[in-house]
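# Chains, contacts and geometry: an overview
Here's the letter readout for the chains.
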Amino acid sequence: EKGLRKMKTKLFHSENLEEASHYLKAGELVAFPTETVYGLGAIASDDAAVKKVYQVKGRPSDNPLIVHVASDDIASYVAEVSPMAKKLMRAYWPGPLTLIFNVKPDIFAPSVTGNQTTVALRMPDQPMTLQLIKEAGFPLVGPSANTSGKPSPTKPEHVLHDLEGKIVGVVDGGETNIGVESTVLDLTDSRGPIILRPGAITREQIQIVIDQKVWMNHEVSQKNQEGAPKAPGMKYIHYSPEQPVVLIKSDWQGKIKELLQKNKRIGILASDEKIAELTEKSELSVYSLGSIKEPMLASKKLYAGLRYFDGQDVDIILAEVYPKEGIGIAVMNRLEKAATTIYPE
Ligand code: TXA
Ligand code: MG
């Protein structure tokens with residue numbers, strides 16, 4: 001954080017987008033809403049501003065950033081727009097699908113892509129943010145607007161909690177809808193399209209549009225042809241609240257009893273149905289992810305839930321295992337990264 005001056009962080013609304021864009025053009029950082037989570041914006045050709053993004057997040061510089069565009073007219077940014085990419089953009093942009101292309105040289109600031117020859121592009125489904133990008137006159141980088149390692153922000157107050165005084169402002173779009181970050185799909189691998197990070201757009205939804213097999217990251221070797229890691233962000237700590245998180249596969253009562261005997265204060269992150277089953281509720285701090293029948297709600301509330309316990313007097317968080325289908329795949333991907341252990345082992 002050295003060299004960063006403290007500033008008063010403003011809230012921008014739809015009538016202040018032009019003002020927000022002036023700050024961006026002056027090299028300042030403005031966080032913006034998307035349909036997934038809040039992003040930390042800087043103009044993607046401004047190397048000094050992009051370096052500041054890494055600095056205020058505390059993000060390792062070898063973890064490249066997503067560039068947010070306001071239309072699917074991306075020919076000037078990437079080496080080639082394949083028929084497959086065109087189909088996917090037509091079907092899912094604007095929306096929670098990030099596509100990885102070979103980048104055209106000297107368009108984006110070097111710090112955007114790290115040392116990679118590829119760039120991640122996405123068109124967010126958020127009218128204010130599309131307007132902000134247009135006013136800024138160039139695409140914006142937008143890593144999730146949290147301190148590196150913490151749960152991503154789904155409300156403006158989460159952004160302020162992590163970055164107040166470090167950035168000029170936040171465009172207030174209220175609570176985000178989807179709640180987990182976009183699906184990241186690599187289109188540059190000779191083995192075919194690979195999902196590097198699961199999100200709201202599922203493998204099945206991608207396959208149906210391109211009529212071709214899509215791989216999940218864990219199904220193929222983690223190395224590309226050059227031997228470099230394919231998903232640079234994956235090796236870092238993610239989504240971690242202050243307390244350890246334990247994923248409970250079964251025997252909730254056994255684990256709760258064991259912890260209460262050790263005088264541990266317990267947080268519960270689970271569905272309405274699971275919470276209703278638990279006894280000794282007066283001794284538990286509970287955050288509901290909604291009905292188990294509505295996994296979209298779990299996705300929307302997941303990060304707010306993990307952040308909720310930061311303000312609670314608990315020693316440990318017990319979290320429910322959701323079925324790995326549809327958006328549940330993305331929810332479990334984040335919970336498994338947040339978790340320190342699984343019970344029973
Ligand atoms: O929903 C989202 O994608 C949100 C909103 C704000 O748009 N953004 C977001 O950004 O989640 P971030 O920086 O927190 O996550 C970007 C992910 C990281 O895992 C990063 O490693 C990967 O995308 N990524 C970015 N550029 C890449 C590239 N050229 N090749 C491979 N992975 C890349
Ligand atoms: Mg992130």
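Residues numbered from 1 in each chain as written. Chains lettered and ligands numbered in written order. Predicted model: local features only at pLDDT ≥ 70, side-chain atom pairs only at ≥ 80, totals over all residues. Heavy atoms only, no water.

Within the element layout of this structure, glutamine 126 appears in the loop between strand 6 (118-122) and helix 5 (127-136). At 2.9 Å, the side chain of glutamine 126 forms a polar contact with the backbone nitrogen of methionine 128. Once residues lying within four places of it in the same chain are set aside, the contact partners of glutamine 126 are Pro33, Thr34, Glu35 and Gly173. (Helix = DSSP H or I, 4+ residues; strand = E, 2+ residues; numbered from the N terminus. Polar contact = N/O pair within 3.5 Å; in protein donor to acceptor, adjacent residues only side chain to side chain. Contact = heavy atoms within 4.5 Å.)

A pair of packed helices is captured by two measures, namely the crossing angle of their axes and the spacing between those axes. Close contact between helix 3 (residues 83-92) and helix 7 (residues 203-210) brings their axes to 9 Å; oriented N to C, the two are set at 120°. Judged by the angle between their axes, helix 3 and helix 7 are oblique. The handedness of the crossing between helix 3 and helix 7 comes out as right-handed. Mapping the contact onto sequence places Met84, Lys87, Leu88, Ala91 and Tyr92 in helix 3 and Gln205, Ile206, Ile208, Val209 and Ile210 in helix 7. The class makeup of the residues in the contact of helix 3 with helix 7 is 8 nonpolar, 1 polar and 1 charged. (Axes fitted to C-alpha atoms, helices over the stretch in contact; angles between N-to-C directions. Parallel < 35°, antiparallel > 145°, perpendicular 65-115°, else oblique. Left-handed = near helix turned anticlockwise from the far one by under 90°. Nonpolar A, V, L, I, M, F, W, Y, C, P; charged D, E, K, R; others polar.)

Direction vectors running N to C along helix 1 (residues 17-25) and helix 5 enclose 50°, while the axes themselves pass 9 Å from each other. Of the possible angle classes, the one that applies to helix 1 and helix 5 is oblique. Our pair here, helix 1 against helix 5, has a crossing hand that is right-handed. Together, Leu17, Glu18, Ala20, Ser21, Leu24 and Lys25 of helix 1 and Met128, Gln131, Leu132, Glu135 and Ala136 of helix 5 make up the contact between the two elements. Its residues assigned to classes, the contact of helix 1 with helix 5 shows 6 nonpolar, 2 polar and 3 charged.

Another aspect to go through is the domain arrangement of the chain. Per the domain assignment, the segments of the chain are domain 1 (10-235) and domain 2 (245-343). Relative placement of domain 1 and domain 2: their C-alpha centres are 29 Å apart. Counting from both sides, the interface comprises 26 residues of domain 1 and, opposite them, 14 residues of domain 2. Taking both sides of the interface into account, the surface hidden between domain 1 and domain 2 amounts to around 1,600 Å²; carbon and sulfur atoms contribute 57%. Of all residues in domain 1, Pro151, Val180 and Pro198 bury the most surface against domain 2, accounting for 31% of the area lost on that side. When the shortest N-O distance is used, the salt bridge between glutamate 181 and arginine 334 registers 2.9 Å. At 3 residues, helix 6 (residues 156-163) tops the list of elements feeding residues into the side of domain 1 that touches domain 2. Looking at side-chain class alone, the side of domain 1 that touches domain 2 contains 9 nonpolar, 11 polar and 6 charged residues. (Domains from an automatic or database assignment. Buried area = accessible area lost by both parts, 1.4 Å probe. Salt bridge = Lys/Arg side-chain N within 4 Å of Asp/Glu carboxyl O.)

With that settled, consider the sheet that holds strand 12 (residues 245-248). Within the open sheet, the 5 strands sit side by side as 14-13-15-12-16. Their pairing is parallel. Of all strands in the sheet, those bounded by a partner on one side alone are strand 14 (284-288) and strand 16 (341-343). Taking each pair of neighbouring strands and ignoring which way they run, the sheet shows an average axis angle of 25°. Where strand 13 (residues 266-270) and strand 15 (residues 316-320) come together, 4 bridges link them in parallel fashion. Along strand 15, the bridge assignment pairs glycine 267 with isoleucine 317. Across the face of the sheet, helix 10 (residues 295-308) comes into contact with strand 12, strand 13 and strand 14 while running at roughly 160° to strand 14. Where helix 11 (residues 327-338) meets the sheet, it contacts strand 12, strand 13 and strand 15, and its direction lies at approximately 130° from that of strand 12. (Pairing = 2+ DSSP bridges.)

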